[in-house]
Amino acid sequence: ATAVIEGKVNTQILANAEALDVYTASALLKAHAMTGDLASVRRVLAALEGRGGADIDGLEVASWPGTGADSLLKPDTRCYNIAISAAADSKALDGLELALQIFNGMAEPTRNSGVALQKNIVSYNALINAMTSRGRHEDAIHLFYKMKQAGVKPDKFSY
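Please read these numbers as outputs of a predicted model, since none were measured by experiment.

Attention now moves to the layout of surface pockets. By volume, the second largest pocket is sized at about 200 Å³. Residue lining of the second largest pocket: Arg42, Leu45, Glu49, Arg51, Asp55, Ile56, Leu98, Gln101 and Ile102, and that is the complete set. Looking at the lining of the second largest pocket, the elements with two or more residues in it are α2 (38–48), β3 (55–56) and α4 (95–104). Ranked by residues supplied to the lining of the second largest pocket, first place goes to α4 with three residues.

Let us now look at the confidence of the model for the protein. Looking at the protein as a whole, its pLDDT mean stands at 84, while 86% of the residues score no less than 70. In the model of the protein, strand β1 (residues 4–6) stands out as the element of lowest mean pLDDT, 55, in contrast to helix α6 (residues 137–149), which has the highest, 96.

This part is about α2. Summarising burial for α2: 10 of the 11 residues are buried, a large majority. Residues of α2 that are buried include every one of Leu38, Ala39, Ser40, Val41, Arg43, Val44, Leu45, Ala46, Ala47 and Leu48, and no others. On the buried face of α2, the contacting elements are α1 (22–34), β3, β4 (59–60), α3 (77–89) and α4. Backbone geometry just downstream of α2 places Gly50 in the positive-phi region, at approximately 80°.

At a minimum axis distance of 8 Å, the contact between α1 and α2 shows a crossing angle of 165°. One element, α1, and the other, α2, form an angle in the roughly antiparallel class. Remark: the crossing between α1 and α2 carries left-handed chirality. Counted together, Ala25, Leu28, Leu29, His32 and Ala33 of α1 and Ser40, Val41, Val44, Leu45 and Leu48 of α2 form the full contact between these two elements. Grouping the amino acids of the contact of α1 with α2 by side-chain chemistry returns eight nonpolar, two polar and no charged.

The subject of this paragraph is the nonpolar core. Within soluble globular proteins, side chains that are nonpolar tend to cluster in buried spots. Of all hydrophobic cores here, the largest spans 39 residues; its most connected members are Leu29, Leu48 and Leu127. Among the secondary structure elements, those contributing two or more residues to this core are α1, α2, α3, α4, α5 (121–133) and α6. Among the elements that line this core, the one with the most residues is α3, at eight residues. In this structure, Leu29 is in contact with Val41, Val44, Leu45, Leu48, Cys79 and Ile82, ignoring residues within four places of it in sequence.

Our focus in this paragraph is the environment of Ser90. Relative to the helices and strands, Ser90 is located in the loop between α3 and α4. On the basis of relative accessible area, Ser90 is assigned to the buried category, the value being 13%. For Ser90 and Gly36, which are 54 residues apart along the polypeptide, the C-alpha to C-alpha distance reads 6.4 Å. Contacts of Ser90, omitting those with residues within four sequence positions, involve Leu38, Gly95 and Arg134. Looking at Ser90, its side chain comes within polar contact range of the main-chain oxygen of Ala87, at 2.9 Å.

In this structure, Asp57 takes a positive phi of about 55° despite not being glycine. Looking at the element boundaries, Asp57 is found in the loop between β3 and β4. For Asp57, a relative accessible area of 52% corresponds to the exposed category.

To continue, consider the packing of α1 against α3. α3 packs onto α1 with a crossing angle of 5° between their chain directions and a minimal axis gap of 9 Å. Between α1 and α3, the angle is such that the two are roughly parallel. Mapping the contact onto sequence places Val22, Ser26, Leu29, Lys30 and Ala33 in α1 and Arg78, Cys79, Ile82 and Ala86 in α3. For the contact of α1 with α3, a count of residues per class yields six nonpolar, one polar and two charged.

Conventions and cut-offs
- Every chain is numbered on its own, with residues counted from 1 as its sequence reads.
- Whole-chain, interface and lining totals are the exception, using all residues; otherwise, since this is a predicted model, local features are given only for residues with pLDDT of at least 70 and side-chain atom pairs are given and counted only at 80 or more.
- Each side-chain value is derived from all of the structure's non-hydrogen atoms; neither hydrogens nor water enter the calculation.
- The way it works is a 1 Å grid over only the protein atoms, where trapped points that fit a 1.4 Å probe form a cavity and open points with protein on both sides within 12 Å along at least five of seven lines form a pocket, and then any residue with an atom within 4 Å of a point lines it.
- Grid points are joined across faces, edges and corners, and a volume is the space filled by probe spheres set on the points.
- Each helix corresponds to a stretch of at least 4 residues labelled H or I by DSSP, and each strand to a stretch of at least 2 residues labelled E; elements are numbered beginning at the N terminus.
- Every residue is assigned a pLDDT by the predictor, reflecting its confidence on a scale from 0 to 100.
- Per-residue accessibility, obtained with a 1.4 Å probe over protein chains only, is compared with the maximum for each type, and a residue is labelled buried under 20%, exposed over 50%, and partly exposed between these values.
- Contacts were defined at the residue level, with two residues in contact if any of their heavy atoms lie within 4.5 Å.
- Every angle, taken between N-to-C directions, lies between 0 and 180 degrees, and every axis is a line fitted to C-alpha atoms, over only the stretch in contact when it is a helix.
- Comment on the angle field: the value is read as roughly parallel under 35 degrees, roughly antiparallel over 145, roughly perpendicular from 65 to 115, and oblique elsewhere.
- By the definition used in this description, the sense in which the near helix is turned from the far one sets the handedness, with an anticlockwise turn below a right angle giving left-handed and a clockwise turn giving right-handed.
- Amino acids outside the nonpolar list (Ala, Val, Leu, Ile, Met, Phe, Trp, Tyr, Cys, Pro) and the charged list (Asp, Glu, Lys, Arg) are all regarded as polar, and Gly is one of them.
- Among the buried residues, those of types Ala, Val, Leu, Ile, Met, Phe, Trp, Tyr and Cys that are joined through side-chain atoms within 4.5 Å form a nonpolar core.
- In protein, a polar contact requires one atom able to donate a hydrogen and another able to accept it; more generally it is a pair of N or O atoms within 3.5 Å, and residues adjacent in sequence count only if both atoms are side-chain atoms.

So, in structure tokens, the structure goes:
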């Protein structure tokens, strides 16, 4: 299916499903995150996960070509980190809970690079920052030590 978006002077932008990849999806996630549109971040992530048709904040998640369990287009750690950061930085009351939900859905860090959705230093730092900014200092310290136990080396942002 080809979608057409009408421009200002009858120009058309044709959607090209072949151009949809994890890089363009990450850029879309980042754009929504930068505008603070947490609902759109959740919908894009759901579309990448192949959950087309689901209802998020009263809007249906679009079905994207090439997504789903057996597809080639799958969200990677960067996509999830963008979503974690957007949720953690949002002013929404449930922002931290959403960030935790996304974080907890990711695999623990391992030396096996074949696992695409592993927590990494960015995942931990985003959540630690969100916890400290909301006054949950003990939770942040606990997560910091959990990160170290998982073998993720803290950086200057962690400290």
